[in-house]
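Results of the structural survey
Here is what each chain is made of, one letter per residue.
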Amino acid sequence: MRRRLLIIVLGLTAGLVAALGLPLVHTAVEEESRRFFLSRADDTARFADEAEWALSTGRTRYLTASLTRYDELYGTPVLVTGEDGLVICSSREGLTARIPGVGGPLRRALAGQPTRRHHTLWPWDDRPYVIAEPIVRDSRVLGAVVTVSDTASPRAIIRDRLIVLGLGVVALTAVALVAAALIVRWVLRPVRTLDRAAHAVGYGTHPVRVADCGGPPELRRLAASFNAMAENIAAAARDQRAFVAQATHQLRNPLTALRIRLENVEWHLPGDDAEGREELRMALGEVDRLGDVIDSLLRLARAEAVEAVPAPVDVSAVARSRARAWQAAYARTGTRLTVDVPDGVTALCLPNLLGHALDVPLDNALKYARGCSVALTVRRGDDGCAEIRVRDTGPGLPADELPRAGERFWRSVRHRDVPGTGLGLATARTLIEESGGTLELSPADPTGLQILIRLRPADEAIAVPGPREAPERDGARTGRSPGGQ
């Protein structure tokens, strides 16, 4: 936008400079051309008066001397012809009417028409000024006087004037450029601030307030309105998260009481009522599942409420710690977990939350790749980002289900019998994105799934969130775990 505004302003300035400068240039050139023409035309007319007396009396010696002195002083050849066009006297030896450019003006002068129009002198136009004046006595044309003036001197004057005007145009353009840049910067500074703040609010990264003390009054009012809108959005988000947290917390007590009552029902069932005991077991299982959903919703609400600034985290240490914590569970199920984590890999992440995000892909791999092999690797990417991969050799997900994996509460139809709520990956994704990273999922070769977590370099400058790629919602992104855990 800044470039477009500068182009528009400079275009208008260039048009204004051209509209004012071109007429000024033309006027300056015309003025010098006319001045030079009039001075030479006056001299030619004076010589015509002298020639009229000389031709009438036949005394041309004094006329020749006058022409010669003039030629020596101004470097302008002068010749006098009779009515037949033949040269009678001249300022130099050997001058004839056959000099280039003389023929036309001489014929018009012998016809009684003096030269009254001049051509415009430009620095690159080296044509001489040819001025012919008829010699008239008693309405009879006796001959003509022709001056052939070199235009080097007036052209030099015109060239100097054009250089001065050009420098003035350059200086004016430079001033206009600086003024336009300052004005555009003054106008667009609050716009850029609003743009960054709008992205931050739109993606839910941080509560944002912009300064409303700069720029034009209209933009200051817009900034004040934006601040009010941002505060309302932040308040609504806080109220929503608080409601979810409070509602899930309040559900714990009646859910616990319900479980106790269901367990007490078992004492009232006859010992041979196998069907009733099976129904009771299934009811308790549903109560446990509801408890897992409540716990997941509470963790998700807390993850979305995080407003801390990402800080450098030792990714290597966190990955090793979580691998050790899951080794026993993997060993019990016969699933092999291999760890390839070099030392010294760091990245930016929300404090104390990377471990929670890593638990999700490790838990999913244990659930859905049971009895297979799982690999946890950590590497430094070519762009400096930390890359954490959890890859399994399980059955994976079909291509038509892969885009939906990770939606809240979404689970594959093939995994309905596997415990889970479909909220685990949503929580992990929220934590990673709040840290400025990404979570991606892709098929593993030849079978299985690979979850890739990328975190920004630890030495990257930490700033207020600005425009970034919008996170895709509702299954339009990859990087989800099997079954949406």
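Thoughts on the overall build of the protein chain
- Counting its regular elements, the protein chain contains 9 helices and 11 strands.
- A total of 485 residues make up the protein chain; the buried ones form 40% of that total.
- Considering only residue pairs separated by 6 or more positions, the protein chain has 69% of its internal contacts joining residues 24 or more positions apart.

Let's talk about the side chain of T151
- Among the secondary structure elements, T151 is positioned in the loop between β4 (140-149) and α4 (152-202).
- Looking at T151, its side chain comes within polar contact range of the main-chain oxygen of R127, at 3.4 Å.
- Side chain to side chain, T151 and R155 meet in a polar contact 2.9 Å long.
- Those residues in contact with T151 that sit more than four places away from it in its chain are F36, L121, D125, D126, R127, P128 and Y129.

Digging into the packing of aromatic side chains
- Taken as a whole, this structure holds 6 aromatic pairs when the rule is applied.
- Here W122 and W124 contribute two aromatic rings whose centre-to-centre distance is 5.3 Å and whose plane-to-plane angle is 10°, an arrangement assigned as stacked.
- Within the aromatic cluster, the residues linked to one another by ring pairs are F36, F37 and Y129.
- In this structure, R46 is placed above the aromatic ring of F47, and the distance from its NZ or CZ to the ring centre is 4.6 Å.
- Over the ring of Y62 we find R61; its NZ or CZ atom is 5.2 Å from the centre of that ring.

A word on the sheet that holds strand β11 (residues 449-455)
- Strand order across the open sheet formed by 5 strands is β6-β8-β9-β11-β10, with mixed pairing between neighbours. In this open sheet, the two strands that pair with only one neighbour each are β6 (336-340) and β10 (438-443). Mean inter-strand twist for the sheet, computed between neighbouring axes without regard to direction, equals 15°.
- Where strand β8 (residues 373-380) lies against strand β9 (residues 386-392), 7 bridges are found, and the strand directions are antiparallel. Bridge assignment links A375 to a residue of β9, and that residue is R391.
- The sheet contacts of helix α8 (residues 354-368) involve β6, β8, β9 and β11, and relative to β9 the element is tilted by about 20°.

Things to note about the nonpolar core
- One finds V315, Y330, L354, I388 and L455 to be the most contacted residues of the largest nonpolar core, which totals 36 residues.
- Looking at this core, the elements with two or more residues in it are α7 (315-332), β7 (346-349), α8, β8, β9, α9 (424-434), β10 and β11.
- At 7 residues, the largest contribution of residues to this core is made by α8.
- Setting aside anything within four residues of it in sequence, one finds L354 in contact with V313, V315, V318, C349, I388, I432 and L455.
- In terms of nonpolar packing, the next biggest core, distinct from the first, is built from 13 residues, A51, Y70, V78 and V80 among them.

What to know about the sheet that holds β4
- Taken together, the 4 strands give an open sheet; going across it, the order is β2-β1-β4-β3, and neighbouring strands pair in antiparallel fashion. The sheet terminates laterally at β2 (87-90) and β3 (129-137), the two strands that pair on one side only. Strand after strand, the sheet turns through a mean of 20° between neighbouring axes, direction not considered.
- Pairing of strand β1 (residues 78-82) with β4 involves 5 bridges; the strand directions are antiparallel. Within β4, the residue paired with V80 across the bridge is V145.
- Each of β1 and β2 is contacted by helix α2 (residues 61-74), which is oriented at about 50° to β2, the strand it contacts most.
- Against the sheet, helix α3 (residues 103-110) engages β1, β3 and β4, with an angle of about 155° to β4.

Reading the values: the criteria
Residue indices follow the written sequence of each chain, beginning from 1 at its first position. Side-chain atom pairs in this predicted model are given and counted only at pLDDT of 80 or more, local residue features only at pLDDT of at least 70, and totals for whole chains, interfaces and linings cover all residues. Side-chain measures were taken over the full set of non-hydrogen atoms in the model, leaving aside hydrogen atoms and water. Counting from the N terminus, the helices are the DSSP runs of H or I reaching at least four residues and the strands are the DSSP runs of E reaching at least two. For the exposure calls, accessible area comes from a 1.4 Å probe over protein chains only, and a residue counts as buried if that area is under 20% of its type's maximum, exposed if over 50%, partly exposed in between. Should any heavy atoms of two residues lie within 4.5 Å, those residues are counted as being in contact. As used in this structure description, the phrase polar contact means that two N or O atoms lie within 3.5 Å; if the pair is within protein, one of them must be able to donate a hydrogen and the other to accept it, and residues adjacent in sequence are counted only when both atoms belong to side chains. In summary, the pairing rule links any two rings of Phe, Tyr or Trp, Trp by its six-membered ring, whose centres are within 6.5 Å, and it sorts them by plane angle into stacked for under 30 degrees, edge-to-face for over 60 and tilted for everything else. We count a charge as sitting over a ring when the NZ of a lysine or the CZ of an arginine lies within 6 Å of the ring centre and within 35 degrees of the ring normal. In this scheme, strands are said to pair when DSSP sees at least two bridges between them. Axis lines are fitted to C-alpha atoms, over the contacting stretch for helices. Their N-to-C directions set the angle, which ranges from 0 to 180 degrees. Residues enter a nonpolar core if they are buried and are Ala, Val, Leu, Ile, Met, Phe, Trp, Tyr or Cys, with the set joined through side-chain atoms within 4.5 Å.

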